[in-house]
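Commentary on secondary and tertiary structure
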Amino acid sequence: MRTERIPPAALDHMAVTELIGAVLLAPVQLPSGPIEKGARLDPAQAEALQAAAGALSGPVVLAWLEADELHEDEAAWRLARAVGGQGVIAGPPHQSRVDLTAERAGVLHVNVEPLSRLNRIDPIEVFTLYHGSAVKAGEVVASVKVAPHVVPSSVIKKGEAFATGNTRLIRVAPYLPLDVGAIVVEPVTDEELARFEAAVRRKVTALGGKLDGVAAVAAHSFHEFEAKARGALEYLVLQRRLQVVLVAGVSIGDPLSPFLATLETLGGQILRRGVPAHPGSMLWLAELSGARLLGAPHCSTFIATTAADLILPRMMTGEAVNAETVAELGHGGLLGPAMRFRFPEYARRDSVTNMKGEEVKT
């Protein structure tokens, strides 16, 4: 890269053709308006700069690209295309920055460890929202940038090869129009059941799905309970083939729970007992015939904003959520008011209530 600090007197004698394509390394204020640093001078800008040479108060700093160099905008654009995967749209470059936006509402996936390694390549900069974030259509999920105005093309090629070799680093999994089942095991009044159903329906609908109704499992004897629990699971999972089922009123702390015993009898298995996040640490995750069951000890867990609202969006993209998925919640799992941004939009803007209709402060 050839760089020069050109005094106004020397600029006055330069040909306009020599200025075209040069990169401005410091902003310049012309009578017609400013030219920002990093601008690659087009014919009109070059002519205006040369014509205003006599009015400039100081030198102009310019750089001319060599054959093996790239302007910052082209470098960022090429990196953005390599970094962004499915469900991500790269916008136009602006001052060496290219924003990546979500094509549709869904869940952001970031390959965090490879991203860190990519950012060790000087001077590449890629920054994102948190992995697992629920995002809206059109929301900026990541940005790609390079620090210098001119960079060696070999560096960008290295970054491109690394990003594509890691199956792209950033993607957005869209919500799917899934039918969701719900089972309530704990004794509840009609009013509490209606409140639970309304809360779950609102959340599922916001995530692009549809609540398929709520099955209430209540009985006076163990055998009656077992039969009703079995019937609910067989209908929702084995007959309807629903991928997502929410279960309220089953404590994972009870190893003798008849519901869990019934689940295992049908061939299901517990994938995770407890969640490293609060509120919602008593959630549990199970699998039955390919379906995912997200369980909680109380209906109020699904009514309030809890860790369930970090897991449910991922389930609604069709992701086979597992123990590893749950383990990731520990980083940022103190879900106080300052962490509300981690939740889907419905939980960010609305107050949430418990079973009594009282507002819950997360």
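Everything here concerns the structure above.
This one's a predicted model, so the numbers in the text were calculated from it and none came from an experiment.

**Details of the overall build of the chain**
For the chain, the helix and strand inventory stands at 13 helices and 22 strands. Residue burial in the chain is summarised as follows: out of 362 residues, 48% are buried. Partitioning the contacts of the chain with sequence separation of at least 6, the portion at a separation of at least 24 is 69%. Only carbon and sulfur atoms are counted for the fraction: they give 53% of the accessible area of the chain, which is about 16,700 Å². Side chains of the chain give 35 positive and 40 negative charges; the mean places of these two sets differ by 3 Å.

**Digging into the packing of helix α8 (residues 222-239) against helix α9 (residues 258-265)**
Interhelical geometry of α8 versus α9 gives an angle of 50° and a closest axis separation of 9 Å. Between α8 and α9, the interaxial angle falls into the category oblique. The two elements α8 and α9 cross, and the hand of that crossing is right-handed. Residues Phe222, Phe225, Glu226, Ala229, Arg230 and Leu233 of α8 touch α9, and the partners they reach there are Pro258, Phe259, Thr262, Leu263 and Thr265.

**Remarks on the side chain of Lys203**
Along the chain, Lys203 falls in helix α7 (residues 190-206). Within the structure, the side chain of Lys203 is placed 3.0 Å from the side chain of Asp309, a separation counted as a polar contact. With near-sequence residues (within four places) excluded, Lys203 lies in contact with Phe302, Ile303, Ala304, Asp309, Leu312 and Tyr346.

**Remarks on the sheet that holds strand β16 (residues 210-216)**
By way of backbone hydrogen bonds, the strands of a sheet pair with one another, either parallel or antiparallel. Spatially, six strands are ordered β16-β15-β17-β20-β19-β18 in an open sheet, and the strand pairing comes out mixed. This sheet does not close on itself; its edge strands, each paired only once, are β16 and β18 (269-273). Here the average twist between neighbouring strands, direction ignored, is 20°. The sheet contact formed by β18 and strand β19 (residues 284-288) spans four bridges and is antiparallel. By the bridge assignment for β19, Arg272 is matched with Leu285. Along the sheet, helix α11 (residues 308-315) makes contact with β17 (244-248) and β20 (291-296), crossing β20 at roughly 165°.

**What about the sheet that holds strand β11 (residues 134-135)?**
With antiparallel pairing, the three strands of this open sheet are ordered in space as β11-β9-β14. Taken across any chain shown, the strands that pair with only one partner, and hence form the sheet edges, are β11 and β14 (170-174). Pairing geometry for strand β9 (residues 106-110) and β14, over five bridges, is antiparallel. Paired with Val110 across the two strands is Ile170, which belongs to β14.

**A look at the nonpolar core**
Phe196, Val244, Leu246, Val275, Phe302, Ile311 and Met316 are the most contacted members of the largest nonpolar core, which has 40 residues in total. Looking at this core, the elements that each hand over two or more residues are β15 (179-184), α7, β17, β20, α10 (300-303), α11 and α13 (345-349). In terms of residues, this core owes the most to one element, α11, which gives five residues. Not counting residues within four places of it along the chain, the set of residues in contact with Met316 comprises Pro174, Tyr175, Leu176, Leu178, Val180, Val204, Leu207, Gly209 and Val244. Of all hydrophobic cores here, the second largest spans 31 residues; its members include Val110, Ile121, Val144 and Ile156.

**Looking at the pattern of salt bridges**
A side chain of one charge can pair with a side chain of the opposite charge if their charged atoms are brought near each other. Within the structure shown, the criterion is met by 14 salt bridges. The residue Arg97 makes a salt bridge to Asp99 at a minimum N-O spacing of 2.8 Å. Note on Arg97: relative accessible area 35%, which makes it partly exposed. Arg240 serves as the salt-bridge partner of Asp212, at 2.4 Å between the closest nitrogen and oxygen. Of this pair, Asp212 sits in strand β16 while Arg240 sits in the loop between α8 and β17, and the two are 28 residues apart along the sequence. By relative accessible area, Asp212 is classed as partly exposed at 26%.

**Considerations on the packing of helix α4 (residues 72-83) against helix α6 (residues 153-165)**
Relative to each other, α4 and α6 sit at 15°, their axes nearing to 8 Å. Classified by the interaxial angle, the pair formed by α4 and α6 is roughly parallel. With respect to the hand of their crossing, α4 and α6 are arranged in right-handed fashion. Residues Ala75, Arg78, Leu79, Ala82 and Val83 of α4 lie in contact with α6, whose contacting residues are Ile156, Lys157, Gly159, Glu160, Ala163 and Thr164.

**Points about the packing of aromatic side chains**
Following the criterion strictly, the structure yields two aromatic pairs and no others. Ring centres of Tyr130 and Phe341 lie 5.8 Å apart, and the angle between their planes is 25°; on these two criteria the pair is classed as stacked. Here Tyr130 is found in the loop between β10 (124-128) and β11, whereas its partner Phe341 is found in the loop between α12 (323-327) and α13, with 211 residues between them in sequence. Looking at Tyr130, the relative accessible area reads 41%, which means it is partly exposed. Residues Phe196 and Phe302 carry aromatic rings whose centres are separated by 6.2 Å and whose planes lie at 70° to one another, so their mutual orientation is edge-to-face. Here Phe302 lies in helix α10 and Phe196 lies in helix α7, a separation of 106 residues in the sequence. Both residues of the pair, Phe196 and Phe302, belong to the buried class. One cation-aromatic arrangement involves Arg2 over Trp64; the distance from NZ or CZ to the ring centre is 4.0 Å. For the cation-ring pair, Arg342 lies above Tyr130, with the distance from its terminal atom to the ring centre recorded as 5.8 Å.

Analysis parameters
- Counting starts from 1 at the beginning of each chain's written sequence and moves along it residue by residue.
- Residues qualify for local features only when their pLDDT is at least 70, as the model is predicted, and side-chain atom pairs are given and counted only at 80 or more; totals for whole chains, interfaces and linings, by contrast, use all residues.
- Only hydrogens and water are set aside; all other atoms, that is, all heavy atoms of the structure, feed into the side-chain values.
- Counting from the N terminus, the helices are the DSSP runs of H or I reaching at least four residues and the strands are the DSSP runs of E reaching at least two.
- Only protein chains enter the accessibility calculation, which uses a 1.4 Å probe; a residue is then buried when its area is under 20% of its type maximum, exposed when over 50%, and partly exposed in between.
- Whether two residues are in contact is decided by their heavy atoms: any pair within 4.5 Å suffices.
- Throughout, the Shrake-Rupley method with a 1.4 Å probe supplies accessible areas, and for residues the shown protein chains are the sole cover considered.
- By the counting rule applied here, Lys and Arg register as positive and Asp and Glu as negative, while His and the ends of each chain are not counted.
- Think of each charge as sitting on NZ of Lys, CZ of Arg, CG of Asp or CD of Glu.
- Note on geometry: axes are C-alpha line fits, over the in-contact stretch for helices, and angles between N-to-C directions span 0 to 180 degrees.
- When describing relative orientation, an angle under 35 degrees is termed roughly parallel and one over 145 degrees roughly antiparallel, while 65 to 115 degrees is termed roughly perpendicular and anything else oblique.
- For a crossing to be left-handed, the near helix must be turned anticlockwise from the far one by less than a right angle; the clockwise case is right-handed.
- Throughout this description, a polar contact denotes any pair of N or O atoms lying within 3.5 Å of each other; where both atoms belong to protein, one of them has to be capable of donating a hydrogen while the other can accept it, and for residues adjacent in sequence the pair is counted only when both atoms sit in side chains.
- Two strands pair under a simple rule: DSSP has to find at least two bridges between them.
- What we call a nonpolar core is a set of buried Ala, Val, Leu, Ile, Met, Phe, Trp, Tyr and Cys residues that are connected through their side-chain atoms within 4.5 Å.
- Here, a salt bridge means any side-chain nitrogen of Lys or Arg that lies within 4 Å of a carboxyl oxygen of Asp or Glu.
- Under the pairing criterion, centres of Phe, Tyr and Trp rings, with the six-membered ring standing for Trp, must be within 6.5 Å; the plane angle then separates stacked pairs below 30 degrees from edge-to-face pairs above 60, leaving the rest tilted.
- A ring has a charge above it when a Lys NZ or an Arg CZ is no more than 6 Å from the ring centre and no more than 35 degrees off the ring normal.

As far as function goes, none of this settles anything; it's purely spatial.
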